[in-house]
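# Observations on the three-dimensional arrangement
The residues making up each chain are set out below.
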Amino acid sequence: MHQLDRRSFLKAATAASAGTMLTGGVGSLAIAQSEPSQPVSANDHIQIALIGAGGQGMGDTKTALQVPGVKLLAVADCYNGRLEHAKELWGDDIFTARDYNEILARKDVDAVIIGTPDHWHKQAGIDAMKAGKDVYCEKPMIHLYSDGPEMIEASRSTGRILQVGSQRVSSMIYLKAKELLDAGAIGQLNMVTAHWNRNSSMGAWNYTVPDDASPQTCDWPRFLGTAPRIPFNAEHFFQWRKWKAYGSGVAGDLFVHLFSGTHFITGSKGPTRGMATGGLRFWKDGRDADDVVLGLFDYPEGFNLSVGVNFVDGGEESEGLMFTGSEGTMEIDGNSVSVNRVPRETEPGLTIGTFTLAMQKKMQAEYDRKYPRKHPGGTPAAGYEKYVAPEGYSDSYDHFKNFFRSVRSRQPVVEDAVFGFRAAGAALLSNLSIERGAVVNWDPEGMRIL
Ligand SMILES: NC(=O)c1ccc[n+]([C@@H]2O[C@H](COP(=O)([O-])OP(=O)(O)OC[C@H]3O[C@@H](n4cnc5c(N)ncnc54)[C@H](O)[C@@H]3O)[C@@H](O)[C@H]2O)c1
């Protein structure tokens, strides 16, 4: 087992053998990640604001602020309690508002983190870019397919950096997996199997509604945005993932991470077609998003992706990707990647046991003449390697570090609007396929439903 090396101010373990260091083109990113963080002068701080200060927005901001030279100025949210908690966390000087436009109007804000529900990603993202801000937008980048081209165009025309928040794309484990696949560690890739199983109430999106939730403490019309007008509903406000009007089902919540990982590791732009099935099997609590979804996708590079998410798993919660190649398998499991190499047999083999003894003898002799290197029971050399990230490793930290590096250098980010649309566009084919009861064709190059 190898421990991947990284030095950072997160004080992660650093011991690793030189042989486990990432090398080559991909490795250069990992080596850059392992550089000690440079102090940044106060004049050179990137000043950020948070739009959507719920669970992920607050978590993202805490991580972003660990990157040297980043300062939080303002927070926008539709629930008073979260604006108040932002001040508890980051001080009374933090400017807060229900309307994010008040934050975007501030000249001193360089970049924003968008942690709103999915149905606000496009509008908040475009408004922020048009106001001259760089954007870290949580996944999935789109809620509707029409969001994709609009986000891509806004990023292009404003020249703003847009990074989508599927943090695994910056993970040293995913970088190592990419390097292994590119080096032929499992031969020709034929299949990817991805899963995310949950068995807890929180895993099924039953997030806690605060006692003071009301139309006074929650800006309901602003939360709704373009969603259908309905009277105030605290469950919809705080558990929005359960309804497709605001969220994108398990496809937008979890498939998108698995697609982002698959696209990053394989270098693919996406599938050419997808089909899915699913249903609401267990959490029949008024939600309209399925709790079991299984999807199958064809990739033009010649492999298939099978993804499955369920919230009704009776066993342990787990998430992972298995890459099956002609010469072995590669598995990503949490903070590790392992390769089980089984080189292909070079001989065809014989099944002669049902033939007459004379025939068996004759054919075996011929076979032994034809394949003289054959040794009894001999399979070619197999191997197993495992690479583990240092304890406490945070891919979110690396994702923010990459984002802020691009904000400073104006160099492209790895997970830009095109990558974000290709991942979310592919993932959401599952919802379309279930709605239509049909296979859905997708143009991964042009990013269009066919
Ligand atoms: N990258 C990851 O691993 C990861 C993990 C969890 C969530 N997410 C993503 O983060 C986003 C937020 O998820 P969450 O779990 O934090 O949800 P949440 O409900 O905890 O937080 C969303 C917040 O957005 C606020 N909001 C709604 N409309 C707004 C508007 N117009 N302007 C300002 N604020 C608004 C709400 O009041 C709420 O506080 C989702 O898109 C989700 O997919 C990503």
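Residues numbered from 1 in each chain as written. Predicted model: local features only at pLDDT ≥ 70, side-chain atom pairs only at ≥ 80, totals over all residues.

We now examine the overall build of the protein. Across its full length, the protein holds 14 helices and 17 strands. Here the protein holds 450 residues, and 44% of them are scored as buried. (Helix = DSSP H or I, 4+ residues; strand = E, 2+ residues; numbered from the N terminus. Buried ≥ 20, exposed ≤ 12 C-beta atoms within 10 Å, placed from the backbone.)

Our next topic: the nonpolar core. Core analysis: the largest hydrophobic core is formed by 98 residues, its most contacted members being Ile 51, Val 112 and Phe 255. In terms of residue count, the dominant contributor to this core is helix H10 (residues 249–266) (nine residues). Composition of this core by domain shows at least three residues from each of domain 1 (2–169 + 398–409) and domain 2 (172–211 + 241–344 + 379–390 + 417–449). Ignoring sequence-local partners within four residues, the contact set of Ile 51 consists of Ala 76, Tyr 100, Ile 103, Val 112, Ile 113, Ile 114, Gly 115, Thr 116 and Ala 124. Among the nonpolar cores identified, the runner-up in size contains 10 residues, and Tyr 79, Cys 218, Phe 237 and Trp 240 belong to it. (Core = buried A, V, L, I, M, F, W, Y, C linked by C-beta atoms within 7 Å. Domains from an automatic or database assignment. Contact = placed C-beta atoms within 7 Å.)

Sheets are built from strands paired through backbone hydrogen bonds, the pairs being either parallel or antiparallel. Across the sheet, which stays open at both edges, the six strands sit in the order S4-S3-S2-S5-S6-S7 with parallel pairing between neighbours. Unpaired on one side and paired on the other, strand S4 (95–97) and strand S7 (162–164) mark the two borders of the sheet. Ignoring which end each strand starts from, the neighbouring axes of this sheet average 20 degrees apart. The strands touched by helix H5 (residues 121–130) within the sheet are strand S2 (46–51), strand S5 (111–114), strand S6 (134–137) and S7, with S6 carrying the most contacts at an inclination of about 165 degrees. (Pairing = 2+ DSSP bridges. Axes fitted to C-alpha atoms, helices over the stretch in contact; angles between N-to-C directions.)

Counting all residues, the mean pLDDT for the protein is 90, and 89% of those residues have values of 70 or more. Scored below 50 in pLDDT, residues 7–34 makes 54 contacts in the model with residues more than four places away or belonging to other chains. (pLDDT = per-residue confidence, 0-100.)

Let us look at the site of the ligand. Taken together, the neighbourhood of the ligand is formed by 27 residues, with Gly 52, Gly 54, Gln 56, Cys 78 and Glu 138 sitting nearest. When contributions to the shell around the ligand are tallied by element, the ones reaching two or more residues are helix H2 (55–64) and helix H8 (220–224). When residues in the shell around the ligand are grouped by element, the largest group, three residues, is from H2. Split into classes, the residues belonging to the shell around the ligand amount to 10 nonpolar, 10 polar and seven charged. (Near = placed C-beta within 6 Å. Nonpolar A, V, L, I, M, F, W, Y, C, P; charged D, E, K, R; others polar.)

Of all 10 residues in H5, seven are buried, a share of seventy percent or more. Buried residues of H5: His 121, Lys 122, Ala 124, Gly 125, Ile 126, Ala 128 and Met 129, and no others. Contacts made by the buried residues of H5 are with S2, helix H4 (100–104), S5, S6, helix H6 (147–158) and S7. Taken from the residues just after H5, Gly 132 is the one with a positive phi, measuring 90 degrees.

This paragraph deals with the environment of Ile 51. Relative to the elements of secondary structure, Ile 51 occurs in strand S2. Considering only alpha carbons, one finds Ile 51 and Ile 113, 62 residues apart in sequence, at a separation of 6.1 Å.

Take the pairing of strand S8 (residues 189–197) next. By the bridge criterion, eight bridges tie S8 to strand S12 (residues 318–325) in an arrangement that is antiparallel. What sits directly across from Val 192, in S12, is Phe 323. One ladder, built from seven bridges, connects S8 with strand S11 (residues 303–310); its direction is parallel. Pairing of Val 192 across the sheet is with Leu 305, part of S11.

The next point concerns the packing of H5 against H6. It is the contact of H5 with H6, at a shortest axis distance of 9 Å, that shows an interaxial angle of 10 degrees. Considering the angle they form, H5 stands roughly parallel to H6. Facing H5, whose interface residues are Lys 122, Gly 125, Ile 126, Met 129 and Lys 130, H6 presents Asp 147, Glu 150, Met 151, Ala 154, Ser 155 and Thr 158. Class assignment for the residues of the contact of H5 with H6 results in four nonpolar, three polar and four charged. (Parallel < 35°, antiparallel > 145°, perpendicular 65-115°, else oblique.)

With that settled, the discussion passes to helix H3 (residues 80–90). The complete set of buried residues in H3 reads Arg 82, Ala 86 and Trp 90. The buried residues of H3 all sit within an arc of 55 degrees when viewed along its axis, so they share a single face. Buried residues along H3 sit in contact with strand S3 (70–76) and S4. (Arc of directions from axis to C-beta.)

One can describe the packing of H10 onto helix H13 (residues 417–427) by two numbers: an axis separation of 8 Å at closest approach and a directional angle of 125 degrees. Viewed along their axes, H10 and H13 adopt a mutual orientation that is oblique. You can see that H10 and H13 cross each other, and the crossing is right-handed. Contact with H10, carried on its side by Ala 251, Gly 252, Phe 255, Val 256, Phe 259, Ser 260 and His 263, involves Arg 422, Ala 423, Ala 424, Ala 426 and Ala 427 of H13 and no other residues of that element. A class-by-class count of the residues in the contact of H10 with H13 yields eight nonpolar, three polar and one charged. (Left-handed = near helix turned anticlockwise from the far one by under 90°.)

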